[in-house]
Amino acid sequence: MTVPTARDLTVTEVRLTPILVADPPLLNTQGVHQPYTPRLIVEIVTADGTTGVGETYGDTKYLELAHPFAEQLKGRQVTDVNSLFVLLDEVSVAASRVEDAVDVGGLRGVQTADKLRLSIASAFEVACLDALGKALGLPVHALLGGKVRDAVEYSAYLFYRYAEHPEGVAAEKDDWGAALDPAGVVAQARAFEERYGFTSFKLKGGVFPPEEETAAVRALAEAFPGHPLRLDPNGAWSVETSVRVAEEVGGLLEYLEDPTPGTPAMAEVAARTGVPLATNMCVTTFPEIKEAFTTDAVQVVLSDHHYWGGLRNTLHLAAVCRTFGVGVSMHSNTHLGISLAAMTHVAATVPDLHHACDSHYLWQSEDVLTERLTFEDGTVRVSDAPGLGVTLDHDRLAALHRRWLADDGALRDRDDAAAMRITDPAWVTPPVPRW
Ligand SMILES: O=C([O-])C(=O)C[C@H](O)[C@@H](O)C(=O)[O-]
Ligand SMILES: [Mg+2]
């Protein structure tokens, strides 16, 4: 009889690969997406040759932390996921990285040293769970307690956008066309429905004056009667504007996302309207929860495993939300298939997930996987393969890394305002609230 030998899951190698991935000219309140955006791919290898992958933000401030952290990981077990967070405290963050109160790059609320660290830890956590799942022959969702659904619903992420990046700027092209008015937004939503079967729609707002964006919401409601709709101006409106918008189109919305900046202002809007408010800006860390929940400022928290510190922290957040009767769903920035797989695994395990999750994935024409993840009826199937169920394509990874190496630094830190200045040299990030 063969006695199974224990596998050696000591981390022996950690590879960090910064890449630049193509991004279309999507508009938000700060400007426009650059043609290429940075991401960091994390690979771990264990003594017995098991591998695991993770993905997170790739801007310089994240790379600075990822390198010392990767060194500390070597020699530890992939099962030691809790110790990641202890190790993390030992990685110092330069004060210059957090002196701005708000993370202007990502529209993701406050920027604290802890949040930066958590955004790194999350990629390592996902890589450890991927490796552990592969070693045990179990999917990541099983390591999180098991899936409660076989497919996770996402909403189509509609953006105002230009057809192309400015002439003369190196960029990849796509076939989505421009969307700069209600008809363009509806055409984009129709394409999302026809290509991928989406039934719920989120419009990224804060780009045009509120009247234009409420006109787009009305056009969507007419084109897709009864379908869940959301509008997210990333805090671009004052309390008065938010209340007015809520009165005008609130009845058409599943929720209004971050209409106004800061928890007290959100609480005021919530108190004066019956429209549920969602956030990925005023509740982005555990310390922010108390004020927001005790003042009824938000009714739905949009989690994001990247900056909340991983998949298990996402479950902890979901438990806190459940305790306070606050809904939970998922926020997204530009990301690739590793993160979509991670998001899908964790979303599959949250029993009370009552809103479709956000994902930018379909705006990314490039990936680092051998096979892209697919959407059917607006959902992603939950993989039962070991680990995340994805395979890294090392040639693609190397090609996207070469693009990062070739960049002179202009694109290595996401800057939507800088991208806007190419066509509008006077552009500065508008103050919030803007309207
Ligand atoms: O508030 C949100 O949903 C986001 O922050 C999502 C993204 O940052 C999005 O606005 C973007 O990338 O332009
Ligand atoms: Mg948002």
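Scoring rules and cut-offs
Residues numbered from 1 in each chain as written. Chains lettered and ligands numbered in written order. Predicted model: local features only at pLDDT ≥ 70, side-chain atom pairs only at ≥ 80, totals over all residues. Heavy atoms only, no water. Domains from an automatic or database assignment. Contact = heavy atoms within 4.5 Å. Buried area = accessible area lost by both parts, 1.4 Å probe. Salt bridge = Lys/Arg side-chain N within 4 Å of Asp/Glu carboxyl O. Polar contact = N/O pair within 3.5 Å; in protein donor to acceptor, adjacent residues only side chain to side chain. Donors = N, O, S within 2.8 Å, 3.2 Å for Na, K, Ca; no water. Helix = DSSP H or I, 4+ residues; strand = E, 2+ residues; numbered from the N terminus. Buried < 20%, exposed > 50% of the residue type's maximum accessible area, 1.4 Å probe, protein only. Pairing = 2+ DSSP bridges. Axes fitted to C-alpha atoms, helices over the stretch in contact; angles between N-to-C directions.

## Some words on the domain arrangement of the chain
Inference 1: By the assigned domains, the chain splits into domain 1 (11-140 + 394-408) and domain 2 (145-381).
Inference 2: Computed over C-alpha atoms only, the centres of domain 1 and domain 2 are separated by 22 Å.
Inference 3: On the domain 2 side, the residues contacting the 45 residues of domain 1 number 52 residues.
Inference 4: Per-residue buried area on domain 1 facing domain 2 is highest for Pro25, Leu27 and Glu55; these three make up 18% of the total on that side.
Inference 5: Linking domain 1 with domain 2 are 3 salt bridges, by the criterion used here.
Inference 6: Arg403 serves as the salt-bridge partner of Glu366, at 2.8 Å between the closest nitrogen and oxygen.
Inference 7: For the pair domain 1 and domain 2, the interface holds 23 residue pairs in polar contact (both at pLDDT 80 or more).

## What about the coordination of the magnesium ion (ligand 2)?
Inference 1: The coordination sphere of the magnesium ion (ligand 2), as far as protein atoms go, consists of Asp232 (OD), Glu257 (OE) and Asn280 (OD1), spread over 1.9 to 2.2 Å.
Inference 2: Going along the chain, you hit the donors of the magnesium ion (ligand 2) in the pattern D-x24-E-x22-N. Pair noted here: Asp232 is in strand 9 (residues 229-232) and Asn280 is in the loop between strand 11 (277-279) and helix 9 (289-294), with a separation of 48 residues, a long-range link.
Inference 3: Asp232 sits in the buried class, given a relative accessible area of 0%.

## A word on the sheet that holds strand 5 (residues 51-57)
Inference 1: Across the sheet, 3 strands lie side by side as 1-4-5; this open sheet has antiparallel pairing. Both outer strands of the open sheet, strand 1 (11-22) and strand 5, are each paired with one neighbouring strand and no more. The sheet shows a mean angle of 20° between the axes of neighbouring strands, direction not considered.
Inference 2: As paired elements, strand 4 (residues 36-46) and strand 5 share 7 bridges and run antiparallel to each other. Within strand 5, the residue paired with Ile44 across the bridge is Gly52.
Inference 3: Contacts from helix 1 (residues 60-73) reach strand 1, strand 4 and strand 5, with the element oriented near 160° to strand 1.
Inference 4: Set on the sheet, helix 12 (residues 337-349) makes contact with strand 4 and strand 5; between it and strand 5 the angle comes to about 100°.

## Section: the environment of Pro433
Inference 1: Here Pro433 lies in the segment after helix 14 (416-421).
Inference 2: Sequence-wise, Pro433 and Ala398 are 35 residues apart; in three dimensions their C-alpha atoms are separated by 42 Å.
Inference 3: Not counting residues up to four positions away in its chain, the partners in contact with Pro433 are Gly235, Ala236, Trp237, Ser238 and Pro261.

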